[in-house]
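These are the residues of each chain, in order.
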Amino acid sequence: MKKILHVVSARPNFMKVAPLYAAIAHNQALTQTIVHTGQHYDLNMSEIFFRDLGLPSPDARLDVGSGSHTAQTAHIMLGLETVLSAERPDLVSVVGDVNGTLAAVLVATKMGIAVAHVEAGLRSFDRSMPEEINRVVTDQLADLLFTPSLDANENLLREGVPPERIHFVGNVLIDTLLASRESAARLPILDALGLVAGDYAVCTLHRPSNVDDPSRFARLLGAIGDVSERLPVVFPVHPRCRRSIGDPEVRAVLAKAADLRLISPLGYLEFLALTSRARLILTDSGGLQEESTALGVACLTLRENTERPVTVELGTNTLVGAEPARIRAEAARVLDGARPAGRMPELWDGHTAARIADVYADVLGSTMAVAR
Ligand code: UD1
């Protein structure tokens, strides 16, 4: 039996590992283990996703918690070295671009263990973003690189990654979305929040560049508060925003907003139930840009760049930046117009995890077919 060890760390990782875990489970020649680094630890930032996604509880927990990037990455590295020494997996599988992704690839590679990176090749070309550093280093070291879109292949080739390491497989996050839409639709979240389908907006913000400085955060919230004059805006608040939310300037802006509703972070299914029926999404999240495209909901990305250009070129995403006047104008354009005419990018078809599991099986020398 060959052993695959998954490393999960933070909220967006869980949705990417769930379909992969399920696809690999079909192959009797493979075993798998999940290690949770503990980068995210609140019930509604971690545990709730395991429940919503049917992901088994982690086999090992490192419980590193929050800290500076260096402290967090270093603690994860130390914990993982111990786990990998005991487990000796044949392959370490990492997803996304969080600190745990980087830590895992560094430790495993130095221990001579093969690494696969799912969601490889995305680039914002903005090294002030911590995730960009994580992406660049992870992709240089990983042995197998699974890309969600062809722009990612181009980025990897330009950086000198040997083509035989690169596998264009589509978007594993969209596997989870497509598999979960029906069960999400049955949840009564709209009634609970007093919302009407198609007549509200959803906002998420958590990038350090948008939320850590209270004045910048207040300016953004001012623009979003203006949008809420047209329709209710629901904002599930990421814990990173808590410090800035307490700032007097931010509180003053929130008090003036017409209908901006701050709520606690939601689980995967409730959040999907909310986003899938929204008129408009305002976000700085990477995953939500992709989910909006898959759902056909207009998305305004409150950042200057995106590592997911396919969502702008083919999907429903518009890069808007953080200038209030531009946010107001773009929101008005969407609210005055028809639904966006985006289309689904290639291979965002719900079968990405199965394609990845096939490659894992091949590479690990298993001859058994992976069930679709
Ligand atoms: C991390 C990822 C980011 C991802 C995001 C999704 C990195 C560099 N960043 O950012 O790519 O988009 O997760 O959410 O890996 N906190 C809690 N409870 C938790 C987790 C965090 O209260 O369960 C608070 C702590 O104050 C912490 C802060 O949120 O210091 C930031 O958490 P951290 O994991 O460092 O980064 P995120 O901003 O969540």
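Residues numbered from 1 in each chain as written. Predicted model: local features only at pLDDT ≥ 70, side-chain atom pairs only at ≥ 80, totals over all residues. Heavy atoms only, no water.

Draft legend 1. Quick peek at helix H5 (residues 130–141). For H5, with 12 residues, the first-to-last C-alpha span of 17 Å sits near the 16 Å given by 1.5 Å per residue. For H5, the complete set of buried residues consists of Glu131, Glu132, Asn134, Arg135, Val136, Thr138 and Asp139. (Helix = DSSP H or I, 4+ residues; strand = E, 2+ residues; numbered from the N terminus. Expected span 1.5 Å × (residues − 1). Buried < 20%, exposed > 50% of the residue type's maximum accessible area, 1.4 Å probe, protein only.)

Draft legend 2. Fine view of the nonpolar core. Core analysis: the largest hydrophobic core is formed by 59 residues, its most contacted members being Leu55, Val118, Phe146, Tyr268, Leu274 and Tyr360. No other element matches helix H1 (residues 11–25), which puts 8 residues into this core. Phe235, Leu254, Leu280 and Leu302 belong to the second largest nonpolar core, which has 33 residues in total. (Core = buried A, V, L, I, M, F, W, Y, C linked by side-chain atoms within 4.5 Å.)

Draft legend 3. Just the sheet that holds strand S12 (residues 298–301), in detail. If you walk across this open sheet you meet the 6 strands as S10-S9-S8-S11-S12-S13, and the pairing is parallel. Two strands in the sheet have a free side with no partner beyond their single neighbour: strand S10 (260–263) and strand S13 (317–319). Adjacent strand axes in the sheet meet at a mean angle of 20 degrees, parallel and antiparallel pairs treated alike. Pairing geometry for strand S9 (residues 233–236) and S10, over 4 bridges, is parallel. The partner of valine 233 across the bridge, within S10, is leucine 260. Packed on one face of the sheet, helix H16 (residues 324–336) meets strand S11 (280–283), S12 and S13 and runs near 175 degrees to S12. (Pairing = 2+ DSSP bridges. Axes fitted to C-alpha atoms, helices over the stretch in contact; angles between N-to-C directions. Contact = heavy atoms within 4.5 Å.)

Draft legend 4. The arrangement of helix H12 (residues 248–256) in detail. Of the positions making up H12, those classed as buried are Val250, Val253 and Leu254. Axial view of H12: buried residues confined to an arc of 100 degrees, hence all on one face. Residues of H12 that are exposed and point more than 90 degrees away from the buried face comprise Pro248, Ala255 and Lys256. Here the buried face of H12 lies against helix H10 (214–227), helix H11 (242–245) and S10. (Arc of directions from axis to C-beta.)

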